[in-house]
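# Commentary on secondary and tertiary structure
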Protein chains: 2
Amino acid sequence: MGEYRSSQLDELFGAIADPTRRAILDRLASGEARVTEIAADFPISLNSVSKHLRMLERAGLVVRRVRGRDHHLSLNAEPLNAAAEWIEHHRQFWEQSLAGLEQFVTRKPRKKIQRSSRQ
Amino acid sequence: MGEYRSSQLDELFGAIADPTRRAILDRLASGEARVTEIAADFPISLNSVSKHLRMLERAGLVVRRVRGRDHHLSLNAEPLNAAAEWIEHHRQFWEQSLAGLEQFVTRKPRKKIQRSSRQ
DNA sequence: TCTATATTCACCCATAGAGGTGAATATAGG
DNA sequence: CCTATATTCACCTCTATGGGTGAATATAGA
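Report follows, based on the coordinates. Bear in mind the structure is a predicted one, so any value in this text is a computation, not a measurement.

Before going further, it helps to examine the overall build of chain A. Within chain A one finds five helices and three strands. Starting at the N terminus and walking to the C terminus, you meet the elements of chain A as α-α-β-α-α-β-β-α. The buried share of chain A, reckoned over its 119 residues, is 34%. In chain A, the proportion of contacts linking residues at least 24 apart, taken out of those at least 6 apart, comes to 51%. Of the roughly 7,800 Å² of accessible surface on chain A, 49% is carried by carbon and sulfur atoms.

Moving on, we come to the sheet that holds strand E2 (residues 62-67) of chain B. Residues and elements named next belong to chain B. Pairing is antiparallel across the open sheet formed by three strands, whose spatial order is E1-E3-E2. In the strand order of this sheet, the two ends are held by strand E1 (33-34) and E2, each with one partner. As paired strands, E1 and strand E3 (residues 70-75) are joined by two bridges and run antiparallel to one another. Bridge pairing in E3 places Ala33 opposite Leu73. Packed on one face of the sheet, helix H2 (residues 19-29) meets E1, E2 and E3 and runs near 95° to E3. Contacts between helix H4 (residues 46-58) and the sheet are confined to E2 and E3, with E2 contributing the most and set at about 115° to the helix.

A word on the pairing of E3 of chain B. Residues and elements named next belong to chain B. Across six bridges, the pairing between E2 and E3 is antiparallel. Looking at the pairing, Arg64 lines up with Leu73 of E3. Between E2 and E3, which pair antiparallel in sequence order, lie two residues; one of them, Gly68, sits at a positive phi of approximately 65°.

With that settled, consider the packing of aromatic side chains. Tallying each qualifying case throughout the model produces three aromatic pairs over all chains. Measuring from centroid to centroid gives 5.8 Å for Phe13 of chain A and Trp86 of chain A, while their planes differ by 70°, and the two rings are edge-to-face. In this pair, Phe13 of chain A is assigned in helix H1 (residues 7-16) and Trp86 of chain A in helix H5 (residues 79-107), connecting sequence segments 73 residues apart. Ring geometry for Phe13 of chain A against Phe13 of chain B: centres 6.2 Å apart, planes inclined by 20°, an arrangement best described as stacked. Here the residue Phe13 of chain A occupies a position in helix H1, and Phe13 of chain B occupies one in helix H1 (residues 7-16), the pair thus bridging two chains. Here a set of aromatic residues connected by ring pairs shows up, and it is made of Phe13 and Trp86 of chain A together with Phe13 and Trp86 of chain B.

About the criteria used
- Residues numbered from 1 in each chain as written.
- Chains lettered and ligands numbered in written order.
- Predicted model: local features only at pLDDT ≥ 70, side-chain atom pairs only at ≥ 80, totals over all residues.
- Heavy atoms only, no water.
- Helix = DSSP H or I, 4+ residues; strand = E, 2+ residues; numbered from the N terminus.
- Buried < 20%, exposed > 50% of the residue type's maximum accessible area, 1.4 Å probe, protein only.
- Contact = heavy atoms within 4.5 Å.
- Areas by Shrake-Rupley, 256 points an atom, 1.4 Å probe, with all protein chains shown as cover.
- Pairing = 2+ DSSP bridges.
- Axes fitted to C-alpha atoms, helices over the stretch in contact; angles between N-to-C directions.
- Phe/Tyr/Trp six-rings, centres within 6.5 Å; stacked < 30°, edge-to-face > 60°.

Just distances and angles here, no functional claims.
Next up, the structure:
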């Protein structure tokens, strides 16, 4: 309570929450590409793609290698580890606590439950 | 290409991209709770918490059971499966394609690389 | 019936995101 | 030096989000 911030996960999950950005990542999975090349595959403007790439870069999912005019973007899977970790941890923990709750409800009804009331 | 939308993942990743919402999920992991109870643990208003809960509910991560005045919120881990699936798939695939790319670069330099230029 | 509590609804504000256009910047290549 | 290309910067619009406040609604409980 109090400090529950983690801008790492914020940017990560925020980055992959957008369908265009997920599609850009898929595009990069088939190989490194320049901004213009990526933009050619999408119905949006070059500028818009450039902004998406900046966000992906900030999240660490994309790495930029500048050679002359050209910016070569490539994937970096490493940050996905943190995301996978969060999800796996919570997925297991929730199922666990849900099972515990069910046992609790089944075994030990606290306040008298009047199932005659509405629904 | 063209149809690359998936509002399912959009809402899912969008929901867990916010630190307050992740904290709310953590709170619910320790047991079902009402809106007021949840709000008591956070420095924001009851209304704000109510909105966050609505988004979590829309993403399917939280289930609401209304009994009289009280809304009981509980977790639903199921949607996390889709998220985990996306992440795992891409994590493995990226590492794989990265390895392939490295081999490619090492073995077969295409255009003559003049490393004498700047940087 | 009256009152207190729980929650949402209807607004307000500020900021960020997603999209666009046009100009600026930088480099490649004659 | 000049021109074409690659990218970003600066700005505009629209919508969504995160925060707030106050009123409306619904139910619990005396």
